[in-house]
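Report on the structure
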Amino acid sequence: MTGHHVTPQTLLCVIFALLTAASNAIAAVLQRKAAAQVPPEHAMHFSLLADLFRRKVWLAGIGMVIVAAVAQAAALATGPIALVQPIFIIELPVTLVLATLVARNRGALRRLPWTAIIITTAGLGAGLAIAQPSGATDAAQDSSWVIALIVTAGFLAMLIVTAAGTRGEPRAALLGLAAACGYALTAALMKNAMADLNAGAAAGGRACWPAAA
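Everything in this summary refers to the structure shown in the same document. (Residues numbered from 1 in each chain as written. Predicted model: local features only at pLDDT ≥ 70, side-chain atom pairs only at ≥ 80, totals over all residues. Heavy atoms only, no water.)

Thoughts on the overall build of the protein
Within the protein one finds nine helices and zero strands. When the helices and strands of the protein are read in sequence order from the N terminus, they spell out α-α-α-α-α-α-α-α-α. Looking at the protein as a whole, 24% of its 213 residues are labelled buried. The contacts in the protein between residues at least 6 apart in sequence include a share of 75% that link residues at least 24 apart. In the structure as shown, the protein presents an accessible area of about 13500 Å², 71% of it carried by carbon and sulfur atoms. (Helix = DSSP H or I, 4+ residues; strand = E, 2+ residues; numbered from the N terminus. Buried < 20%, exposed > 50% of the residue type's maximum accessible area, 1.4 Å probe, protein only. Contact = heavy atoms within 4.5 Å. Areas by Shrake-Rupley, 256 points an atom, 1.4 Å probe, with all protein chains shown as cover.)

Have a look at this one:
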């Protein structure tokens, strides 16, 4: 049985992926705090955005989303999407812990499903160590992207329209699923873009090498 050698590039990829998860968790807590102050009847109206833009805590959350996007791009540039995306599962337990800390509710902190959080975190680490995800392609054909965009847009539209006619937890679940699908598509597009960027930089470097020599 041979051991798996962890390269510096893989380690860098994991660090950026963890930074992405942490930034997204902070963003979720800040945005949830701002959204909780908005009247429920404004939840599915354009007035929601106007209200949120006036709240500093929501803008701070947007800032953390930007940090997460930059960190995710760096992670995808240094490692396969099959390694980067599963690490984002850690965002859920981090969000739960941060949300209770921000609320300053020690009782809620004790009531958190710590067993599930520990099992999820340990299972994620063990699963990635055993699976050793790698390989796959960094880019897809334009025709594949057209199909993916059309199918995803249709699915997102269906989820949002359905959510508009519901209330409470079902609406939250439908919109959460829509957000997850959007994030998945964004990750795939970002991976393709970083692959194109790396290919362009490599081609530029080879073009400049004879002149430098």
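Quick look at the side chain of Thr20
Looking at the secondary structure, you find Thr20 in helix α1 (residues 8-35). At 2.8 Å, the side chain of Thr20 and the backbone oxygen of Phe16 are in polar contact. (Polar contact = N/O pair within 3.5 Å; in protein donor to acceptor, adjacent residues only side chain to side chain.)

Here's the deal with the packing of α1 against helix α5 (residues 91-103)
Running from N to C, α1 and α5 cross one another at 45°; their axes reach a closest spacing of 9 Å. When the axis of α1 is compared with that of α5, the two are oblique. In this structure, α1 meets α5 at a crossing whose hand is right-handed. Mapping the contact onto sequence places Ala21, Asn24, Ala25, Ile26, Ala28, Val29 and Lys33 in α1 and Glu91, Val94, Thr95, Leu98, Ala99 and Val102 in α5. Per-class residue counts for the contact of α1 with α5 are nine nonpolar, two polar and two charged. (Axes fitted to C-alpha atoms, helices over the stretch in contact; angles between N-to-C directions. Parallel < 35°, antiparallel > 145°, perpendicular 65-115°, else oblique. Left-handed = near helix turned anticlockwise from the far one by under 90°. Nonpolar A, V, L, I, M, F, W, Y, C, P; charged D, E, K, R; others polar.)

Observations concerning the side chain of Asn24
With respect to the helices and strands, the residue Asn24 is situated in helix α1. In contact with Asn24, other than residues within four places in its own chain, are Ala68 and Glu91.

Looking at the packing of α1 against helix α3 (residues 56-78)
Two numbers describe how α1 lies on α3: the axes approach to 7 Å, and their chain directions differ by 160°. Relative to α3, α1 is oriented roughly antiparallel. Relative to α3, α1 is oriented so that their crossing is left-handed.

A short note on a nonpolar patch on the surface
Among the surface-exposed residues, Leu49, Phe53 and Leu59 lie close enough to one another that they form a single nonpolar patch of about 290 Å² accessible area. Mapped onto the secondary structure, Leu49 falls in helix α2 (residues 47-53). Of the residues examined, Leu49 reaches a relative accessible area of 42% and is grouped as partly exposed. (Patch = residues over 30% accessible without salt bridge, like charges linked within 9 Å, V, L, I, M, F, W, Y side chains within 5 Å. Salt bridge = Lys/Arg side-chain N within 4 Å of Asp/Glu carboxyl O.)

Regarding α5
Between its terminal C-alpha atoms α5 stretches 18 Å, which fits the 18 Å expected from 13 residues at 1.5 Å a residue. Buried within α5 are the following residues: Pro93, Thr95 and Thr100. Buried residues of α5 fall within an arc of 160° about the axis and therefore sit on the same side. Arg104 occupies a position one or two residues after α5 and carries a positive phi of about 55°. (Expected span 1.5 Å × (residues − 1). Arc of directions from axis to C-beta.)

Some points on the environment of Leu159
Its location among the elements puts Leu159 in helix α8 (residues 142-164). Residue Leu159 is classed as buried on the basis of its relative accessible area, which comes to 5%. Taking the C-alpha atoms as reference points, Leu159 and Ala178, separated by 19 residues in sequence, lie 6.2 Å from one another. With residues near it in sequence (within four places) discarded, Leu159 still touches Leu174, Leu177 and Ala178.

Quick look at the environment of Met158
For Met158, the position within the fold is in helix α8. Residues Met158 and Ala178, 20 residues apart in the sequence, show an inter-C-alpha distance of 9.1 Å.

What is shown is where atoms sit, not what they do.
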